[in-house]
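# Structural characterization, general
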Amino acid sequence: MLIKTDFRAGENNEEILPENGTGLPYRCLLTDLGNFVNGDFPWHWHAEMEIDYIAAGEVFLRTGEEMALLRKGEAIFINSGVMHAFRAVPGKECQVYAHLFDMHYLSGAPGSLLEQKYLLPVIRSQSLQTFHILPDGERNIQMIADLNKMAELIREEPFGYEFTIRSALSALWCTLFRQTEEIRARTVVRNRQDDERIKAMVGFIHGHYREHITLEDIAKAANISGRECSRCFKRCINDSPFGYLNRYRVQMAARMLLQSKDSIMT
């Protein structure tokens, strides 16, 4: 089932993914960024791996370390646990097909050979947060074709489509594994403590944005000082705590106006 989705987040700002009704550890979400204020899809993360295909428009993907412009016909891989956000280029319709899946959809049983040999080297790679898939070579073009095939299968649900999707995703993963070999070979040291802190603090903001909150309140969510809180926001998402808070409040107020007849003052 193809799912048209909105954004919800839970504890520590982990995205709450909608139920797919099939029991598969795989979802295909269709997101229209035009439904979000200024085309912004808020900062979030999830344990599932994600591969996005841009079906219309252009969108900026932001992580703590990079910003990539994605155009129609391109795709991007986002690794497990990576904080990221999207912003559509203004003035254009922007639709994104997001394929999200648990590694065991491909590896089978936990601890299997497939998991050890092909999945964990990607998930545990500190140098591989994202991989931009441009339609500029045989392998990349084939990955994009696999993504489109998966979207078609999940939309039409022909007999045995669950197996066929897994087969297409497996083929895509083998290509992705080869294409990222040089990236994964790099030695990169990341501040994992910053990752956990920003997830906790952004999650606190999402849970308490209706309230009067102080810098110290936000910092307390990660057990750090207010000064270190500000530094962490700057390092991780290039923003200030209150800059992020105010933008999120505007996004939520606008969503309430669009989705409810209730006053935003209540």
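## Quick notes on the confidence of the model for the protein
Within the protein, residue pLDDT values average 88, and 88% of them lie at 70 or more. The spread of mean pLDDT over the elements of the protein runs between strand β1 (residues 2-4), the lowest at 75, and strand β7 (residues 75-78), the highest at 98.

## So, the pairing of strand β8 (residues 84-88)
Here β8 lies mainly inside the structure; four of its five residues are buried. Two elements, strand β3 (residues 40-44) and β8, share three bridges in a ladder whose sense is antiparallel. Paired with Asp40 across the bridge in β8 is Arg87. Where strand β5 (residues 58-63) and β8 come together, five bridges link them in antiparallel fashion. Among the inter-strand pairings, Val59 is bridged to a residue of β8, identified as Ala88.

## Regarding the packing of helix α6 (residues 192-208) against helix α8 (residues 226-237)
In a packed pair of helices, the relevant descriptors are the angle between the two axes and the axis-to-axis distance. Interaxial distance between α6 and α8 falls to 10 Å at its minimum, and their mutual angle equals 105 degrees. In terms of orientation, α6 lies roughly perpendicular with respect to α8. Of α8, the residues touching α6 (which contributes Asp194, Arg197, Ile198, Met201, Val202 and Ile205) are Glu228, Cys229, Cys232, Phe233, Arg235, Cys236 and Ile237. Considered class by class, the residues forming the contact of α6 with α8 number nine nonpolar, no polar and four charged.

## Quick word on the sheet that holds strand β6 (residues 67-71)
Within a sheet, adjacent strands bond to each other through the backbone by hydrogen bonds, running parallel or antiparallel. A sheet is described by the order of its strands in space; here four strands give the open sequence β3-β8-β5-β6, paired in antiparallel fashion. Strands with a single pairing partner mark the edges of an open sheet, and in this sheet they are β3 and β6. Across the sheet, the axes of successive neighbouring strands diverge by a mean angle of 20 degrees, strand direction being ignored.

Cut-offs applied
- Residues numbered from 1 in each chain as written.
- Predicted model: local features only at pLDDT ≥ 70, side-chain atom pairs only at ≥ 80, totals over all residues.
- Heavy atoms only, no water.
- pLDDT = per-residue confidence, 0-100.
- Helix = DSSP H or I, 4+ residues; strand = E, 2+ residues; numbered from the N terminus.
- Buried < 20%, exposed > 50% of the residue type's maximum accessible area, 1.4 Å probe, protein only.
- Pairing = 2+ DSSP bridges.
- Axes fitted to C-alpha atoms, helices over the stretch in contact; angles between N-to-C directions.
- Parallel < 35°, antiparallel > 145°, perpendicular 65-115°, else oblique.
- Contact = heavy atoms within 4.5 Å.
- Nonpolar A, V, L, I, M, F, W, Y, C, P; charged D, E, K, R; others polar.

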